[in-house]
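Structure at a glance
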Amino acid sequence: MATATLSATQLLPLSLPKPSQKPRHANFPFQSLNPSPRLFSSNGFVSNCSPIQALLNSTPITTEAGSEPEPFTLRKICQSHVPDHVLCRMEELGFVVPTPVQRQALPTLFSGRDCILHAQTGSGKTLTYLLLVFSIVNARRSAVQALIVVPTRELGMQVTKVARMLATKPMEDELEQKSCTVMALLDGGMLMRHKSWLKAEPPTIVVATIGSLCQMLEKHMIKLEAMRVLVIDEVDFMFSSKQVSSLRKLLTSYSSINTRQTLFASASIPQHKIFLDKCIQQKWTKNDAIHVHVNPVEPMPSCLHHRFVICLKNRRHETLLSLLQSDAPQSAIVFVGEQSEKSKKAGNAPSATLLINFLKASYEGYSDILLLEEDMNFNSRAASLSEVRQGGSYLLVSTDIAARGLDLPETTHIYNYDLPRTAIDYLHRAGRTGRKPFSDKKCSVTSIIISKERFVLEKYENELMFNCEELIV
Ligand SMILES: Nc1ncnc2c1ncn2[C@@H]1O[C@H](COP(=O)(O)OP(=O)(O)OP(=O)(O)O)[C@@H](O)[C@H]1O
């Protein structure tokens, strides 16, 4: 079966640089010995000029002979596909220069091909698929035409917010023709209200978690026949979750629609060639589906500085405290492992709660330290996130629920209080920082480990091709 992979190296003339291999060394007190940061763009240029300038300078669009080349902008890529009012909103929101993934994927997506979008965390995949969605849907049709499936309520709220911001029209245009409506159909929501909405006037775009979506499909409140585009975000996570059978069912039902376009997105797609073949074989995508893989030799953003500290098992709290006191981060996330069923049954407090209590008692760097974990109810989870988004400075203690897709661009420091279970989990946790596409500001990811975990971290380093620097506390 013929499958295609489109990678940065095929698209652009220069080969990609290998990720910089930093020397391993001990360093105290927590300072980086890195040389001044340089920008590695996906086309292999190493630049010292401003990141946005570098992108505007590189590969301009050629115009008629003799005239000045025009800068390469998102508007240029999208203008004959995406409605002008969406492009204006996009620019008002500050999205002017395309990120490498937007630049590479959008022309292919606008040609109607199905796609597996595989690019680093924080690289702008959300805007990429939303621009595709806006290029396809028609606000005048009274039907759900686009479906975006996400793994968590939190990610769903975030995607809905960006979609609504892009859809908003100026008042005078709104009177002439209504804008696209976006429904968040997410676990923990009020399904009765959604039902009434769907009956009265179907939204153009639905952002859904799979559980809530299946309920609406079963009740025939949403019909796949009118659907023009389906996006599955964090696709590898969705396929490894408990809801995989519902997801397969959705994909199989959707495969019978003729006018469909399908997009799968993630920063990690293990065995992507096999996955692409499977998608074609199962008819989840059309035969000419393409794998757009941006920067395949560097799975994580180059602005991340990875560090680790070895400590005794019973000294994790104090080690984290020393790190926080030394780094004094403005905005940070501390990841803790989920509490085991055994520990829950034994009536133990979750380690996240114990850690928060410790930090509140001994660290004065933040007025409030926030918690986000699966066992909290949806309202408390929303309250934590909204506080984090409002405050200029935050310390969020979270389980892996915050590890996928969540966009808190001000986060500069990640701490793995517990080592993530897999290299892929490491990649997504680390990817909650370094989320400003055109900034080369260094952000750090620090893992607190006990000595026998060192080989696990080394395994992650090999798998994800990065170097971790040891800090001595
Ligand atoms: N063209 C652009 N110009 C400036 N900022 C951008 C652009 N595209 C996206 N961004 C910003 O980059 C950040 C990361 O984007 P996004 O959340 O889409 O990343 P992602 O690739 O989906 O990451 P993840 O794999 O972690 O979900 C967001 O804050 C977004 O607003």
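Residues numbered from 1 in each chain as written. Predicted model: local features only at pLDDT ≥ 70, side-chain atom pairs only at ≥ 80, totals over all residues. Heavy atoms only, no water.

1. Considering the overall build of the chain
Of the regular secondary structure elements, the chain holds 19 helices and 18 strands. Out of the 473 residues in the chain, the part that is buried amounts to 54%. At a minimum sequence separation of 6, the contacts of the chain that also span at least 24 residues come to 74%. Accessible surface, the chain: about 21600 Å² in total, of which carbon and sulfur atoms supply 53%. (Helix = DSSP H or I, 4+ residues; strand = E, 2+ residues; numbered from the N terminus. Buried < 20%, exposed > 50% of the residue type's maximum accessible area, 1.4 Å probe, protein only. Contact = heavy atoms within 4.5 Å. Areas by Shrake-Rupley, 256 points an atom, 1.4 Å probe, with all protein chains shown as cover.)

2. Section: the pattern of salt bridges
With the rule as written, the count across this model stands at 17 salt bridges. A salt bridge links Glu 234 to Arg 404, with the shortest nitrogen-to-oxygen separation between them at 2.9 Å. Taken as a pair, Glu 234 in the loop between strand E9 (229–233) and helix H11 (235–239) and Arg 404 in the loop between strand E15 (394–398) and strand E16 (413–416) lie far apart in primary sequence, 170 residues in all. The two residues Glu 234 and Arg 404 agree in class, both being buried. Across the pair Lys 344 and Asp 375 runs a salt bridge whose closest N-O atoms are separated by 3.4 Å. Linking Lys 344 in helix H15 (residues 341–345) with Asp 375 in the loop between strand E14 (369–372) and helix H17 (378–390), this pair joins segments that are 31 residues apart in sequence. Residues participating in the shared-partner salt-bridge network are Arg 75, Asp 84 and Glu 91. (Salt bridge = Lys/Arg side-chain N within 4 Å of Asp/Glu carboxyl O.)

3. Considering the pairing of strand E8 (residues 205–209)
Most of E8 is tucked away, with five of its five residues classed as buried. Burial of the side chains of E8 extends over both faces: Ile 205, Val 207 and Thr 209 are buried on one face and Val 206 and Ala 208 on the other. Note that strand E6 (residues 146–150) and E8 share five bridges and pair parallel. Note that in E8 the partner of Ala 146 across the bridge is Ile 205. Here strand E7 (residues 182–185) runs beside E8; their pairing, made up of four bridges, is parallel. (Pairing = 2+ DSSP bridges.)

4. Looking at the confidence of the model for the chain
Where the model shows low pLDDT, its predicted coordinates should not be examined in detail. Looking at the chain, the pLDDT average stands at 85 and 84% of residues meet or exceed 70. Within the model, the stretch residues 7–64 combines pLDDT values under 50 with 110 contacts to residues more than four positions away or in other chains. Across the interface, the model reports ipTM at 0.99; the global pTM reads 0.86. (pLDDT = per-residue confidence, 0-100.)

5. Overview of empty space enclosed by the protein
Taken as a whole and assessed by the stated rule, the structure comprises two cavities of 30 Å³ or more. Taken as a whole, the second largest cavity holds about 40 Å³ of empty space. Looking at the second largest cavity, the residues that line it are Val 336, Gly 337, Glu 338, Gln 339, Pro 350, Ser 351, Ala 352, Glu 373 and Thr 399. Its residues placed into classes, the lining of the second largest cavity shows three nonpolar, four polar and two charged. (1 Å grid on protein atoms, 1.4 Å probe; cavity = no way out; pocket = protein on both sides within 12 Å on 5 of 7 lines; lining within 4 Å. Points joined across faces, edges and corners; volume = space filled by probe spheres on them. Nonpolar A, V, L, I, M, F, W, Y, C, P; charged D, E, K, R; others polar.)

6. A word on the layout of surface pockets
Its boundaries defined by the atoms lining it, the largest pocket holds a volume of some 1200 Å³. If you go around the largest pocket, you meet 43 residues; those closest to its centre are Gln 158, Val 162, Asp 407, Pro 409 and Arg 435. Listing elements by their share of the lining of the largest pocket, those giving two or more residues are helix H6 (125–136), helix H7 (153–167) and H17. Here the lining of the largest pocket gets nine residues from one element, more than from any other, and that element is H7. When grouped by side-chain class, the residues that make up the lining of the largest pocket number 19 nonpolar, 12 polar and 12 charged. Residues from two domains meet in the lining of the largest pocket; each of domain 1 (81–294) and domain 2 (304–471) gives at least three. (Domains from an automatic or database assignment.)

7. Re the nonpolar core
Within the largest apolar cluster, 48 residues are counted, with the highest numbers of intra-cluster contacts made by Leu 130, Phe 134 and Ile 148. At eight residues, H6 tops the list of elements feeding residues into this core. Residue contacts for Ile 148: discarding those within four places in its chain leaves Tyr 129, Leu 130, Val 133, Val 159, Ile 205, Val 206, Val 207, Ala 208 and Val 231. One finds Ile 116, Leu 191, Val 235 and Leu 247 within the second-largest nonpolar core, a separate group that totals 37 residues. (Core = buried A, V, L, I, M, F, W, Y, C linked by side-chain atoms within 4.5 Å.)

8. Points about the packing of aromatic side chains
On inspection of all chains with the given rule, the structure shows five aromatic pairs. When the ring of Tyr 426 is compared with that of Phe 466, the centres are 5.0 Å apart and the planes differ by 15 degrees; the resulting orientation is stacked. Taken together, the positions of Tyr 426 in helix H18 (residues 423–430) and Phe 466 in the loop between helix H19 (454–464) and strand E18 (468–471) put the pair 40 residues apart, joining distant regions of the chain. The residues Tyr 426 and Phe 466 share a single accessibility class, namely buried. (Phe/Tyr/Trp six-rings, centres within 6.5 Å; stacked < 30°, edge-to-face > 60°.)

9. What about the state of the cysteines?
What the rule picks out here adds up to zero disulfides. Cysteine Cys 443 remains unbridged, with the sulfur of Cys 303 as its closest cysteine sulfur at 5.0 Å. (Disulfide = S-S within 2.5 Å.)

10. A short note on the domain arrangement of the chain
Partitioning the chain into domains gives domain 1 (81–294) and domain 2 (304–471). On a C-alpha basis, the centres of domain 1 and domain 2 stand 29 Å from each other. Contacts between domain 1 and domain 2 engage 18 residues on the former and 17 residues on the latter. For domain 1, the biggest contributors to the area lost against domain 2 are Thr 121, Glu 154 and Gln 158; these three give 36% of the whole. Counting across the interface, domain 1 meets domain 2 through three salt bridges. (Buried area = accessible area lost by both parts, 1.4 Å probe.)

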